[in-house]
Amino acid sequence: MFYWWRRTWREKITINSIDFKAFWDSARKKRNYFSHRLGGLAEKEVFRAWGEDVTNSEQWQKRILNCLNLVTGKSFRNLAQASVFATIHDQVLQAITKHEI
């Protein structure tokens, strides 16, 4: 057993997060089932995997954003801001623009 006082601050926070619990208890376990099915994923199945209270894309994105903020210790306001790929994409476009003849 992992004693409470030995847990990191991030572990202590995630234990009490409804968003992270939705990921750990449901979405994580259903990932393989969903990803290996032929025919793709239905939106409603994805939403349901993240919790009974998630019924649309806006709620799903909010849940993911809350998990990202919790794990990173940041306070991103949207998924684009939280995405490393969005930042890299902008940097690549700027670099291309600078080097054009």
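Remember, it's a predicted structure, so these values are computed and weren't measured experimentally. (Residues numbered from 1 in each chain as written. Predicted model: local features only at pLDDT ≥ 70, side-chain atom pairs only at ≥ 80, totals over all residues. Heavy atoms only, no water.)

### Section: the overall build of the chain
Counting its secondary structure elements, the chain contains six helices and zero strands. For the chain, the accessible surface area stands at approximately 8,200 Å², while carbon and sulfur atoms represent 58% of it. (Helix = DSSP H or I, 4+ residues; strand = E, 2+ residues; numbered from the N terminus. Areas by Shrake-Rupley, 256 points an atom, 1.4 Å probe, with all protein chains shown as cover.)

### Side note on a nonpolar patch on the surface
The grouping of Val84, Phe85, Ile88, Val92, Leu93 and Ile96 at the surface amounts to a nonpolar patch, some 580 Å² of accessible area in total. Tracing the backbone shows valine 84 in helix H6 (residues 84-98). (Patch = residues over 30% accessible without salt bridge, like charges linked within 9 Å, V, L, I, M, F, W, Y side chains within 5 Å. Salt bridge = Lys/Arg side-chain N within 4 Å of Asp/Glu carboxyl O.)

### Looking at helix H4 (residues 57-72)
Relative to the 22 Å expected for 16 residues at 1.5 Å per residue, H4 spans 22 Å between its end C-alpha atoms, a close match to the ideal helical length. Those residues of H4 lying buried are Arg63, Ile64, Leu65, Cys67, Asn69 and Leu70. (Expected span 1.5 Å × (residues − 1). Buried < 20%, exposed > 50% of the residue type's maximum accessible area, 1.4 Å probe, protein only.)

### Describing the nonpolar core
Among the nonpolar cores identified, the biggest contains 10 residues, and these are Phe20, Ala27, Val46, Phe47, Ala49, Trp50, Val54, Ile64, Cys67 and Leu70. Elements supplying a minimum of two residues to this core: helix H2 (18-36), helix H3 (43-49) and H4. (Core = buried A, V, L, I, M, F, W, Y, C linked by side-chain atoms within 4.5 Å.)

### Let's talk about the confidence of the model for the chain
Close inspection of predicted coordinates is inappropriate for parts of the model with low pLDDT. Residues at a pLDDT of 70 or more form 69% of the chain, whose mean pLDDT is 77. Below a pLDDT of 50 lies the segment residues 1-5, which in the model reaches four contacts outside its immediate sequence neighbourhood of four places, other chains included. (pLDDT = per-residue confidence, 0-100. Contact = heavy atoms within 4.5 Å.)

### What about the packing of aromatic side chains?
Counted under the stated rule, the structure contains one aromatic pair. When the centroid spacing of 6.3 Å and the interplanar angle of 50 degrees are considered together, the rings of phenylalanine 47 and tryptophan 60 count as tilted. With phenylalanine 47 in helix H3 and tryptophan 60 in helix H4, this residue pair connects regions lying 13 residues apart in the sequence. What makes phenylalanine 47 buried here is its relative accessible area of 7%. In this structure tryptophan 60 comes out as partly exposed when scored by relative accessible area, which is 24%. (Phe/Tyr/Trp six-rings, centres within 6.5 Å; stacked < 30°, edge-to-face > 60°.)

### Focus on the pattern of salt bridges
Note on pairing: side chains with opposite charge can pair once their charged atoms come close. Enumeration according to the criterion identifies one salt bridge in this entry. Between aspartate 53 and arginine 63 there is a salt bridge, with the nearest N and O atoms lying 2.9 Å from each other. Placement of the pair is aspartate 53 in the loop between H3 and H4 and arginine 63 in helix H4, with a sequence separation of 10 residues. Look at arginine 63 and you get buried, because its relative accessible area is 6%.

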